[in-house]
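Chains, contacts and geometry: an overview
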Amino acid sequence: MAVNASSFILRCMTHACEFPSDSHNLVCSNCGGPLEAVYDYEALRKAHHGVPADEKNRGVWRYSPLLPLNAGTGIVTLGEGATPLVDASRIAEALGLDKVYVKDDSRNPTLSFKDRKTTVAVSKAAEFGASGVANMTAGNAGSSVAAYAGKAGIPAYIFTIGGISDSKLAKLLSYGAMVFRTTAPTKELMTFVGDVAKKYGMVNMTAASRYNPYVKEGSKTSVFEIYEQMGGRLPDWMFIPIGGGGNLAGIFKGLRELKLLGLIETYPRIVGVQGKDCAPVVQAYEQGLPPDQIPVVENPRTIAHSILDSWAPDGDQALTAIRETGGLAMGVTDEELYQSMKTLSSQEGLYLEPASAAPLAALGRLMGDGTMGAEDSVVLFATGSGANQPDATLFAWGEPPIIELDLEGFVRYISK
Ligand SMILES: [Zn+2]
C-alpha cells in the first residue's frame, strides 16, 4: 500500500542541526543528539480543517500528512491504530469523576502499542533499502518489530533483556525473527544492539526515539485519535506508563503538533507512571533533577514487565513533557497494579497486562489527595494485552476451585 509523501525535515533536538527528509541519519551526524521530524505546520493548517488526515487510510496512516514518508514508497502495515477510546463509566462512577476513558492500544496487531511505532519505523527501513533491523526488547517491542519486518521481508535480529516471560518469548518467536537471549542490563544491551546494527549496516530499531526518530512519529498518532474520538478536544489529564519513556515522548510530540496546528490552546496534564522499585524518571522528578541527569536504577523490579527498564533512554523527553504540561510522575506498587488489573478486567471488560494497569493505580492514589477535581476528564493509556503476561493475571485472581459434579455438595460449597 502506498501513501502520499509528506513535507518534512529532520531537526536535532540538542543543537537544532537540520537534515533533509531523504537523510538516512537516525541520530544527528554532527553532535549525536536525537532527531525529530518537523513539518510545515503553517501549510498544513491552511490545507486541512482539523487534524491533517488522508481520508483514504485508516488507523496510524490516516495521519500520513504528519508522518515522515518520502515519495513513491509503500508502507508496511498490519492494520495498526484506530483503537477504541473506551468509556470506563463504572470506574469513573466509583472514583467520583466526570469522565474516565481508556485508550485501549492492546488491540493492535501484536497486542501492544508498539505497533504504532513499528509501522512507521519499518516503513522507513524499507524506504532506506535496509539489509536488516536490530532491536532490544523486554518482549512486546521485539514481537512488533519481528512481525512488521517479516511482513516487509527484512531480516530482524532481536535481543531480549533478562527475565523475559515464556508467554512473551512465544509471541516473539512466532514471527520468525532471529532471537537472542541475554542477561545484560538495559543500557549495556542498548549500546550493544547499536554496535551490531552499525557493524552489519542494519537499521537500529530499538523503541527509543533517541536512537530512531521515526518511532516517536508512530506513537503520536494515539493523541490525534483521542482528539478526534472526543469530538475535537482533549481530556484534562493523561496517565501514561513509562518504561524507556519513548511513548510519552511521542504523545507529547502529538500534543505539541496539535498546538502548532492551532487545534488546542493548552496541554492536558501528563502523569507518568512507573513501578515503585523501577522508577528512574519518578526519582528525577521527585528530586528536581534536570532531564540529562536521570539515574540508572540498581536491581530494578516490578510485576509490570513491559516497563521494567532500569534506564530510560527517552526519560529526558518524558520528564520534560511532564514538567511542561504541569503534570507529575508517580511510582506504584505491585499490589496496586494487581488490584487495578482486576478492576479494569472485571468492571470494564479490559484484559490488560500489569503495565497497562499502572495509570489506574496512579489515578486511584491521586483521588485521595485532592489533586483531581470531580469535573476533570481523564484518559488512561492501556499499552498492552493481558495475553502478553498471563501469569500475572493468574496470580492476581488465584486458582479457581475444582469441583465434583454433585449438586448437593455444590450447594453446600456455594452457601459456605
Ligand atoms: Zn546536532
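The sections below set out a description of the structure shown in this document. (Residues numbered from 1 in each chain as written. Predicted model: local features only at pLDDT ≥ 70, side-chain atom pairs only at ≥ 80, totals over all residues. Heavy atoms only, no water.)

Looking only at helices and strands, the protein chain has 15 helices and 13 strands in total. For the protein chain, whose C-alpha radius of gyration is 21 Å, the value lies close to the compact-globule estimate of 22 Å for 416 residues. The dimensions of the protein chain, computed from C-alpha atoms along their principal axes, are 75 × 45 × 45 Å. Relative to its 416 residues, the protein chain shows a buried fraction of 58%. Expressed as a percentage of contacts within the protein chain between residues at least 6 apart in sequence, the contacts between residues at least 24 apart total 71%. Distance from the positive charge centre (36 side chains) to the negative charge centre (45 side chains) of the protein chain: 3 Å. (Helix = DSSP H or I, 4+ residues; strand = E, 2+ residues; numbered from the N terminus. Rg over C-alpha atoms; globule rule 2.2 N^0.38 Å. Buried < 20%, exposed > 50% of the residue type's maximum accessible area, 1.4 Å probe, protein only. Contact = heavy atoms within 4.5 Å. Lys, Arg positive; Asp, Glu negative; His and termini not counted. Charge placed at Lys NZ, Arg CZ, Asp CG, Glu CD.)

The three strands are arranged E2-E1-E3 in an open sheet whose pairing can be described as antiparallel. With one partner strand each, in any of the chains shown, strand E2 (18–19) and strand E3 (35–39) form the two edges of the open sheet. (Pairing = 2+ DSSP bridges.)

Further remarks concern helix H9 (residues 246–260). With 15 residues, H9 extends 21 Å from end C-alpha to end C-alpha; this agrees with the ideal 21 Å at 1.5 Å per step. In terms of residue burial, H9 counts as a mostly covered element, since twelve of its 15 residues are buried. Looking one or two places after H9, you find Gly-262, whose phi comes out positive at around 75°. (Expected span 1.5 Å × (residues − 1).)

Here we come to the coordination of the zinc ion. Those protein atoms acting as donors to the zinc ion are Cys-12 (SG), Cys-17 (SG), Cys-28 (SG) and Cys-31 (SG), and they sit at 2.3 to 2.5 Å. The coordination sphere of the zinc ion comprises four donor atoms, whose angles at the metal cover 93 to 139°; the geometry is irregular. Mapped onto the polypeptide sequence, the residues donating to the zinc ion form the spacing pattern C-x4-C-x10-C-x2-C. Taken together, the positions of Cys-17 in the loop between strand E1 (8–12) and E2 and Cys-31 in the loop between E2 and E3 put the pair 14 residues apart, joining distant regions of the chain. Taking relative accessible area as the criterion, Cys-17 reaches 14% and is therefore assigned buried. (Donors = N, O, S within 2.8 Å, 3.2 Å for Na, K, Ca; no water. Tetrahedral: all angles 85-135°; square planar, octahedral: opposite > 155°, others 65-115°.)

For Ala-16, which is not glycine, the phi torsion reads 60° and is therefore positive. Owing to a relative accessible area of 45%, Ala-16 belongs among the partly exposed residues under this scheme. In this structure, Leu-111 is a non-glycine residue whose phi angle is positive, near 70°. Looking at the element boundaries, Leu-111 is found in the loop between strand E5 (99–104) and helix H3 (114–128). Overall, the relative accessible area of 30% leaves Leu-111 in the partly exposed class.

Looking now at H3. Since the α-helix packs 3.6 residues into each turn, any two residues three or four apart lie on the same face. Here H3 spans 21 Å end to end across 15 residues, near enough to the 21 Å set by a 1.5 Å rise per residue. Among the 15 residues of H3, 14 are classified as buried, and the element is accordingly described as predominantly covered. At the C-terminal side of H3, Gly-129 shows a positive phi close to 70°.

Inspection of the entire model under this criterion finds 22 salt bridges. Between Lys-124 and Glu-127 there is a salt bridge whose closest N-O contact spans 3.0 Å. Of this pair, Lys-124 and Glu-127 both sit in helix H3, three residues apart, which is roughly one turn of that helix. The two residues Lys-124 and Glu-127 agree in class, both being buried. (Salt bridge = Lys/Arg side-chain N within 4 Å of Asp/Glu carboxyl O.)

On to the sheet that holds strand E11 (residues 269–275), then. Sheet architecture is open: six strands sit in the order E4-E5-E13-E10-E11-E12, paired in mixed fashion. Of all the strands in the sheet, the pair left with one neighbour each is strand E4 (85–87) and strand E12 (328–332). Neighbour-to-neighbour, the strand axes of this sheet turn through a mean angle of 25°, independent of strand direction. Packed on one face of the sheet, helix H13 (residues 354–367) meets E5, strand E10 (237–241), E11, E12 and strand E13 (377–382) and runs near 105° to E12. (Axes fitted to C-alpha atoms, helices over the stretch in contact; angles between N-to-C directions.)

Next up on the list: the packing of aromatic side chains. For any pair of aromatic rings, the description rests on two quantities: the centre-to-centre distance and the angle between the ring planes. Under the counting rule described, the total for this entry stands at nine aromatic pairs. A ring pair is formed by Phe-159 and Phe-192, whose centres lie 5.7 Å apart and whose planes are at 85°; its orientation type is edge-to-face. Taken together, the residues span a long stretch of sequence, with Phe-159 in strand E7 (residues 156–160) and Phe-192 in helix H6 (residues 186–200) at a distance of 33 residues. Phe-159 gets classed as buried once you look at its relative accessible area, which sits at 6%. On the basis of relative accessible area, Phe-192 is assigned to the partly exposed category, the value being 43%. (Phe/Tyr/Trp six-rings, centres within 6.5 Å; stacked < 30°, edge-to-face > 60°.)

Our focus in this paragraph is the pairing of E13. The element E13 is extensively covered by neighbouring structure, given that six of its six residues are classed as buried. Neither face of E13 is open: one carries Ser-377, Val-379 and Phe-381, the other Val-378, Leu-380 and Ala-382, and all of them are buried. With six bridges joining them, E5 and E13 adopt parallel strand pairing. Looking at the pairing, Lys-103 lines up with Phe-381 of E13. Sheet topology note: the E10/E13 ladder contains three bridges and is parallel. Bridge pairing in E13 places Trp-237 opposite Val-378.

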